[in-house]
Amino acid sequence: MLAGTLMYAVVYLAIGALIGTLATSPVNGTVLVLFVWILDVFFGPVLGAADRPVTRVLPTHFVTLWMVDLPSRHSGRIGDLGWALTWAAAAMAISWTVITAASRTAARPRHRTRPGSAVGQLFAGVRMGLREAARNRVLWALLIAVPVVFVLLAVATTPNESTTLTVRESGRTLPQQAWLPDIHGGTMAPIAIASLATLAGLFTVLDARSGDRRLAIAGFRPLALLASRLAVLALGALLATAASLAVTATVFDARQWDLYIAASILIALTYALIGVLLGPLFGRVGGVLIAFLLPFIDLGIEQSPMLRPAPPDWAHALPGHGAGRVLIDAALTPAFDETGFLLIAIAWLAALTTAAAVMFRRTVTAPHR
């Protein structure tokens, strides 16, 4: 009961914050909050119908069903509590954003970095990179479209049959039967993650290339500039992972979620760095085509357990092999047995980071025309 009450409070805190920014007066804001509350209560699952599709968008629909112990039977694998927590988490993020934006002019940091210092340049570079990434509306749209197409559409078209996979358990390689509709979403998620992360890396390096050269000429430290770009790149990879896994969690249940998320982040970081390398080589148009083609060939065809029990020998040299095997292990088995492949994934990450740093240095120090 206490947890449900807290979720109610968090959701309506966000509603009040949003309405407060839109209302022209306190009276209008109070009326709008009361109107939303009336809709929520009188048309919600307790006084209204619990299975009416239109009422599922009400802010406290799922938390109400969970509190009164009335299963909705339309919440999917995530469950009523999962959707209630998702609403609460989104509400907390909205409240923090709105309140911070409204009080930005009054808030003054107690400690300021010294202008021109390495730390000051690092934070400035990250702010500029995030501001530039926020302007890319195509990438924001793809964060929604790509997981829906690669995961939900794949699950919807999966045949109702079983397949045989090769997994490692207790140090032994064993065949395992799996029902395709149950695992297809989990095996398609890395393709969506890798594609989005590659695009994020591609756009990051291309959008900031001319600006980075000017910053280097103006006295920006190369190491601070590189660190800021890598930080923006990592944030883009994490956002791609979060967007894809949020969709995947509605249709797939991994055996080891913590390791599954870690492997997904490894894939995202690896392909984000590949996107950095693709940008100067192929440009924006060619890079976008390869950003979808390379993850599909690597993770969607050669590493996929849906097409063959184990990847072919030549596929072991692809960048997604190590992290892909770790992800499959986390998705299908209850214990971790792929330490060797984890080390391979980390080695790929280190090598790509070094290559991206070398390429970045050459790009920044190239003559500016």
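Our structure is the block above this text.
1. Brief notes about the overall build of the protein
Right, on to step 1. From N to C terminus, the protein includes eleven helices and two strands.
Right, on to step 2. Secondary structure elements of the protein, listed N to C terminal, follow the sequence α-α-α-α-α-α-β-β-α-α-α-α-α.
Right, on to step 3. Once local pairs closer than 6 in sequence are excluded, the contacts in the protein between residues at least 24 apart make up 69%.
Right, on to step 4. Carbon and sulfur atoms form 69% of the exposed surface of the protein, whose accessible area is close to 19500 Å².

2. Description of the packing of aromatic side chains
Right, on to step 1. Within this structure, the stated rule accounts for three aromatic pairs.
Right, on to step 2. Taken together, a centroid distance of 5.6 Å and an interplanar angle of 40° make the contact between Phe252 and Tyr260 tilted. Grouping residues by exposure puts Phe252 and Tyr260 together as buried.

3. Some thoughts on the environment of Pro311
Right, on to step 1. As for its position among the elements, Pro311 is in the loop between helix H9 (257-302) and helix H10 (321-332).
Right, on to step 2. The class of Pro311 is buried, set by a relative accessible area of 12%.

4. Observations regarding empty space enclosed by the protein
Where empty space is left can be seen by rolling a probe of water-molecule size over the atoms.
Right, on to step 1. Applying the stated criterion across every chain, the model contains three cavities of 30 Å³ or more.
Right, on to step 2. The computed volume of the second largest cavity comes to approximately 70 Å³.
Right, on to step 3. Lining of the second largest cavity is provided by Thr187, Pro190, Leu299, Gln303, Ser304, Pro305, Gly324, Leu327 and Ile328.
Right, on to step 4. Of all the elements in the fold, those that place two or more residues in the lining of the second largest cavity are helix H7 (180-217) and H10.
Right, on to step 5. The biggest single contributor to the lining of the second largest cavity is H10, with three residues.
Right, on to step 6. When the residues that make up the lining of the second largest cavity are grouped by side-chain class, the tally is five nonpolar, four polar and no charged.

5. Digging into H10
Right, on to step 1. Between its first and last C-alpha, H10 extends 16 Å over twelve residues, near the 16 Å set by a 1.5 Å rise per residue.
Right, on to step 2. Most of H10 is tucked away, with twelve of its twelve residues classed as buried.

6. Things to note about the pairing of strand E1 (residues 162-169)
Right, on to step 1. Side chains Thr163, Leu165, Val167 and Glu169 of E1 all project onto a buried face; the interleaved residues Ser162, Thr164, Thr166 and Arg168 project onto a face where none is buried.
Right, on to step 2. Summarising the sheet, E1 and strand E2 (residues 172-179) pair through eight bridges and their orientation is antiparallel. Bridge pairing in E2 links Leu165 to Gln176.

Parameters at a glance
Residues numbered from 1 in each chain as written. Predicted model: local features only at pLDDT ≥ 70, side-chain atom pairs only at ≥ 80, totals over all residues. Heavy atoms only, no water. Helix = DSSP H or I, 4+ residues; strand = E, 2+ residues; numbered from the N terminus. Contact = heavy atoms within 4.5 Å. Areas by Shrake-Rupley, 256 points an atom, 1.4 Å probe, with all protein chains shown as cover. Phe/Tyr/Trp six-rings, centres within 6.5 Å; stacked < 30°, edge-to-face > 60°. Buried < 20%, exposed > 50% of the residue type's maximum accessible area, 1.4 Å probe, protein only. 1 Å grid on protein atoms, 1.4 Å probe; cavity = no way out; pocket = protein on both sides within 12 Å on 5 of 7 lines; lining within 4 Å. Points joined across faces, edges and corners; volume = space filled by probe spheres on them. Nonpolar A, V, L, I, M, F, W, Y, C, P; charged D, E, K, R; others polar. Expected span 1.5 Å × (residues − 1). Pairing = 2+ DSSP bridges.

Interpretation in functional terms is not warranted from these geometric data alone.
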